[in-house]
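# Architecture and fold: a report
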Amino acid sequence: MTAVIDSHRLTGPHLLGDRPGAALDVAFEDQDTQRLVGAWHEHARRLLDAVGWSGEELSARTFPGGASLVISAPIDGLYAATDLNEAAWDAATAETDGRPFDDSAAGRLRETIVRDHNTRLRALRDAARARDVTFLHDDELVSAGSGRGAQVWPLGDLPEVPAVDWAAVRDVPIVLVTGSNGKTTSVRLLAAIVTAAGLVAGVTSTDGVRVAGDTLAGGDYAGPMGARLALRDRRVDVAILETARGGIFRRGLAVERADVALITNIAADHLDDFGVHDLATLAAAKLVAARAVRPDGRVVLNADDPGLATHALSVSPATWFAIDPAAPLVAAELAAGGDACFVEDGWFMSARGGQPVRVERVDAVPITHGGSAAYNVSNVLGALGAAMILGDRAGGRMISLPVIARALREFGGTPADNPGRGNFFDLAGVRIVVDYAHNPHGLRAIAAVVSALDARRRLVVIGQAGDRGDDALRELARATWALRPDRVILKELPELHRGREPGSVRRVMAAELEALGLAADSIGHVEREIDALTKALAWAQQGDLVIMLTHEDREAVLGTIERLRQSGWRPGAAVTPA
């Protein structure tokens, strides 16, 4: 039995290559994988030759139960490429099943290719590449350069190459930030540093797209669509782009070239999604960002993370960071006269050419919570490494050590700086921690902080999207249990069922929590996060700790907490959501 899971365009560098094209994600059972993928390859090559695309490449990644099949294609032929890929797969499955197949696809594909052919689009792309500047295109707009050096045109009204003022087309420094956890905090930290230097940051993240304090789009824009919005804004001096795993698999990177790639960590999250079944494949996907870094740029890597320390050893040039300077990769860099960031004697340190310099005291940086939030100490080190590289770029010449130190001291003093990430509150003796932790790696990170807090009782609010398997949900429940909760409220997250039956995520997690020793009557269920906060505060008494892990209703949760704080709320009083 075979099935097509997804068919999509690849507009930038991706796991299987750097050329644009189309990917087909397929599932199959009880099939001869080699024979099936071989048949697809044969039919795809036949169709490519038939439509005049003989120079395009084919690649495949197989995994238990399926494969990802990729065809490269001209940038004006990506829709035709998806059709060609699907036609090749249909022919391959028909052949292996012994069924006749439709052999007329080539004629239809040629018609589509002729219809979509855009000589000016191709010429502009080639001219931008020859000048080593960013080139972006979508169904409406085309652009060359980025930020203050961007030129943007409607797809239907493109200029001839000689008509473009290429002297005005240039790139601003571009930073790609990826990893399993810590991406959004790292992006916000870098934006704060850039802003402190008097420069305008164009920022994309799971929170939206922001430029000079303006929100261009709200929601999750940690992919190519958000990147294009930021890169085409002519106010931008430095672009800082959160680059999520899903965007890499679905569309590829937003850009072919970047100045810096910061990779925070590699954790077992979203396994079994996009055919990713192990950390090695997940690491390879994140490290696509490293392939985009210019020869004179740099990749900033977490030496404390086993996934990166194992799978990123060949990345060069690299700046490694670690909390302990004795970490092998950092120590080796220092001994070789390389670049590294680390903590020493309570100071954030930056070493260039093996020469360490003090930047700021750890306990002077609010988001580290005096150093107890090790995950944020790590995030600061990564941002520091990226900021030092930006300081070398033409657009980042104002990013100096004193500026970086000031930005670190000022960032995180209020939840507004880093909303939903490690926010601490005290409501008349009831402590509340609001954080985005949504996988075991994230929960273990925050556990190191909350375990040091005195609490009479502990309540955890947690939920999970439906695209995780049962084993991943049980592991998340075990990580929740490590927070030593007296009560757990499981939230439904109705907008994130992603194909699962409503309530099934909660049932799996509740069963695991009960097996671990939490009484059934100590497990609550709610539909929305804001309802969880209401229930948690109705339960809480002075001296209790509430750990709110928010994903959907963060603004309502933070708004309600702030309103209660201002109104002088006391434990036992009613709570009305904001």
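Quick summary incoming for the structure in this document. It should be emphasised that the depicted structure is a prediction, and the values quoted were computed from it without experimental measurement. (Residues numbered from 1 in each chain as written. Predicted model: local features only at pLDDT ≥ 70, side-chain atom pairs only at ≥ 80, totals over all residues. Heavy atoms only, no water.)

A word on the pairing of strand β4 (residues 66-72). Counting buried positions along β4 yields 7 of 7 residues, so the element is predominantly enclosed. Here β4 shows a buried face lined by G66, S68, V70 and S72 and a second buried face lined by A67, L69 and I71. Two strands pair when backbone bridges link them, and strand β2 (residues 21-28) and β4 are joined in this way by 7 bridges, in the antiparallel orientation. Along β4, the bridge assignment pairs L24 with L69. Here 6 bridges tie strand β3 (residues 58-63) to β4, and the two strands are oriented antiparallel to one another. Bridging from a neighbouring strand, R61 pairs with S68 of β4. Hairpin remark: β3 followed by β4, antiparallel, with 2 residues in the connecting loop; positive phi at G65, about 90°. (Buried < 20%, exposed > 50% of the residue type's maximum accessible area, 1.4 Å probe, protein only. Helix = DSSP H or I, 4+ residues; strand = E, 2+ residues; numbered from the N terminus. Pairing = 2+ DSSP bridges.)

Read from one edge to the other, the open sheet built from 4 strands follows the order β1-β2-β4-β3, with strand pairing classed as antiparallel. A strand with exactly one partner marks an edge of an open sheet, and here the two such strands are β1 (2-10) and β3. When strand polarity is set aside, the average angle formed by the axes of neighbouring strands in this sheet is 15°. (Axes fitted to C-alpha atoms, helices over the stretch in contact; angles between N-to-C directions.)

Here the focus is the packing of helix α1 (residues 33-50) against helix α2 (residues 78-97). Contact geometry of α1 with α2 gives a least axis separation of 8 Å together with a crossing angle of 130°. Taken together, the axis directions place α1 and α2 in an arrangement best described as oblique. Regarding α1 and α2, the two cross each other, and that crossing is right-handed. Counted together, R35, L36, A39, W40, H43, A44, R46, L47 and L48 of α1 and L84, N85, A87, A88, W89, A91, A92, T93, E95 and T96 of α2 form the full contact between these two elements. Within the contact of α1 with α2, the residues separate by chemical class into 12 nonpolar, 4 polar and 3 charged. (Parallel < 35°, antiparallel > 145°, perpendicular 65-115°, else oblique. Left-handed = near helix turned anticlockwise from the far one by under 90°. Contact = heavy atoms within 4.5 Å. Nonpolar A, V, L, I, M, F, W, Y, C, P; charged D, E, K, R; others polar.)

Here we take up the environment of R210. Mapped onto the secondary structure, R210 falls in strand β10 (residues 208-211). Exposure remark for R210: the relative accessible area of 41% places this residue in the partly exposed category. Along the sequence, R210 and L229 sit 19 residues apart, while their C-alpha atoms lie 9.2 Å from each other. Filtering out sequence-adjacent residues up to four positions away, R210 remains in contact with A201, G202, V203 and T215. A distance of 3.1 Å separates the side chain of R210 from the backbone oxygen of G213, its partner in a polar contact. (Polar contact = N/O pair within 3.5 Å; in protein donor to acceptor, adjacent residues only side chain to side chain.)

Here we come to the nonpolar core. Residues L176 and L301 are the most contacted members of the largest nonpolar core, which totals 49 residues. In contact with L176, not counting residues within four places along its chain, are L241, T243, L253, V255, A258, V260, A261, L262, A289 and A292. Listed in part, the 43 residues of the second largest apolar core include F348, V362, V365 and V377. (Core = buried A, V, L, I, M, F, W, Y, C linked by side-chain atoms within 4.5 Å.)

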